[in-house]
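Chain residues, written in single-letter form:
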Amino acid sequence: MSGGSASTSLRASFSYCVQQVRSYDYHHYLCLLELPINMRKAAFAIRAFNIETARAMDIASDPKIGLMRLLWWQEAIDKIYAKKTIEHPTAQALSSVINENKITKGWLKRSVEARINDARREVTEIPEKIRELEQYAEDTASTILYMTLQAGGIRSTIADHAASHVGKASGLLLLIKSLPYHASRNRHFSYIPAEVAAKHGLLTNQGGQLELRLDSGENLCNAVFDMASVANVHLQKARELAGTVPAEARPVLLPAVPAQVLLDSLSRANFDVFDPRLAKGVFGLPPLWFQLKLKWDSWRGKY
């Protein structure tokens, strides 16, 4: 491939990444627009990779096909670091970003391996402890922020620490929001840990198999409140670090804003994940108000 056509192909790959993030991860798309221009290409490629792995099981007609997609991405990461060409726009953009910014391979591997382990779970298999969901959020959401910081040349233990908390909060809250979707697909609340479900009377024993009840409105709201409270603690810890986080790192941590918006919307809905208001706008907030809030926090250097 000539230099000109290669450059055109790469531009098309980055354009594809931007469109994927805009279409499937709109709140983060708006966050990325607040990043300095020199960081956006890498950030969009990294987010697009996350979309590819996050949606793999949802778009598959058969769970085995979804798992195959995830295994393909696991192999693709190895090929990218081995300097092999992959005919996939997100992989091409990611390869360029990795070569330019020396992105740590371990973070990409952790992300896709967490998705693979989750995909291999039986639908009736319930996480035992909430810390398992925190670890899943760390592996899938916090790693995205670590890589974005690295792509921006930001080396700060404090920023990484804050990113860990923002990622855990964001990941937990998105799992909460997805509860109705997963219940509609497989008739289970797959992401309520057993310790929380048992506390609120949501567990039943069906032929020796523990299952989560779908008809416990108030008890379910109480369980969601407990999970959301853990996410809130992570947001508070991230903000306690704000004064010592380098100024150049703060735009990367803006995903704390949509996490807070979702948390506030859940609170207004009394933690009823089936409340239709949560599906409106951006996590229940009118899109214009969300954008204004995001820009205001970005302008103030907050997250």
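A brief structural summary. (Residues numbered from 1 in each chain as written. Predicted model: local features only at pLDDT ≥ 70, side-chain atom pairs only at ≥ 80, totals over all residues. Heavy atoms only, no water.)

## What to know about helix α12 (residues 256–268)
Stated formally: Put simply, DSSP marks the helices as runs of H or I at least four residues long and the strands as runs of E at least two long, and each gets a number from the N terminus on. Here, expected helix span is obtained from the residue count minus one, scaled by 1.5 Å. Burial classes follow relative accessibility: with a 1.4 Å probe on protein chains only, a residue under 20% of its type's maximum area counts as buried, one over 50% as exposed, and anything between as partly exposed. Note on contacts: a residue pair qualifies if any of its non-hydrogen atoms lie within 4.5 Å across the two residues.
A rise of 1.5 Å per residue sets the reference length of α12, with its 13 residues, at 18 Å; its end C-alpha atoms lie 18 Å apart and thus fit the reference within 8%. Counting buried positions along α12 gives 10 out of 13 residues, so the element sits mostly inside the fold. All of the buried residues along α12 are Ala256, Val257, Pro258, Ala259, Gln260, Val261, Leu262, Leu263, Ser265 and Leu266. Residues of α12 that are buried sit in contact with α2 (26–32), α8 (157–177), α11 (217–240) and α13 (287–299). Positive phi appears at asparagine 270, one or two residues downstream of α12, with a value of about 55°.

## Thoughts on a negative patch on the surface
Applied cut-off: The residues that make up patches have over 30% relative accessible area and no salt bridge, and they are joined within 9 Å when like-charged or within 5 Å when they are Val, Leu, Ile, Met, Phe, Trp or Tyr. Under the convention used here, a 1.4 Å probe and the Shrake-Rupley method define accessible areas, while residue burial counts only the protein chains that appear. Salt bridge, as applied in this entry: a Lys or Arg side-chain nitrogen positioned within 4 Å of an Asp or Glu carboxyl oxygen. Charge assignment: positive for Lys and Arg, negative for Asp and Glu; neither His nor the chain ends contribute. Each charge is placed at NZ for Lys, CZ for Arg, CG for Asp and CD for Glu.
A contiguous patch of negative charge, built from Glu122, Glu125, Glu128 and Glu132, is present on the exposed surface. Along the chain, glutamate 132 falls in helix α7 (residues 130–151). Since its relative accessible area comes to 38%, glutamate 132 is described here as partly exposed.

## What about the packing of aromatic side chains?
Two descriptors summarise a pair of aromatic rings, namely the distance from one centre to the other and the angle between the planes of the rings. Short version of the rule: Whether two aromatic rings pair depends on their centres lying within 6.5 Å, for rings of Phe, Tyr and Trp, where Trp uses its six-membered ring; planes under 30 degrees apart make the pair stacked, over 60 edge-to-face, and the rest tilted. Any Lys NZ or Arg CZ that is within 6 Å of a ring centre and within 35 degrees of that ring's normal is treated as a charge sitting over the ring.
Within this structure, the stated rule accounts for seven aromatic pairs. An angle of 75° between the planes, with centres 5.7 Å apart, marks the rings of phenylalanine 49 and tryptophan 73 as edge-to-face. Within this pair, whereas phenylalanine 49 is found in helix α3 (residues 37–54), its partner tryptophan 73 is found in helix α4 (residues 63–81), the two being separated by 24 residues in sequence. For phenylalanine 49, a relative accessible area of 0% puts it in the buried group. Ring plane angle 90° and centroid distance 5.0 Å describe the contact between tryptophan 72 and tryptophan 73, whose orientation is recorded as edge-to-face. Directly above the ring of phenylalanine 14 sits lysine 41, whose terminal nitrogen or CZ lies 4.7 Å from the centroid.

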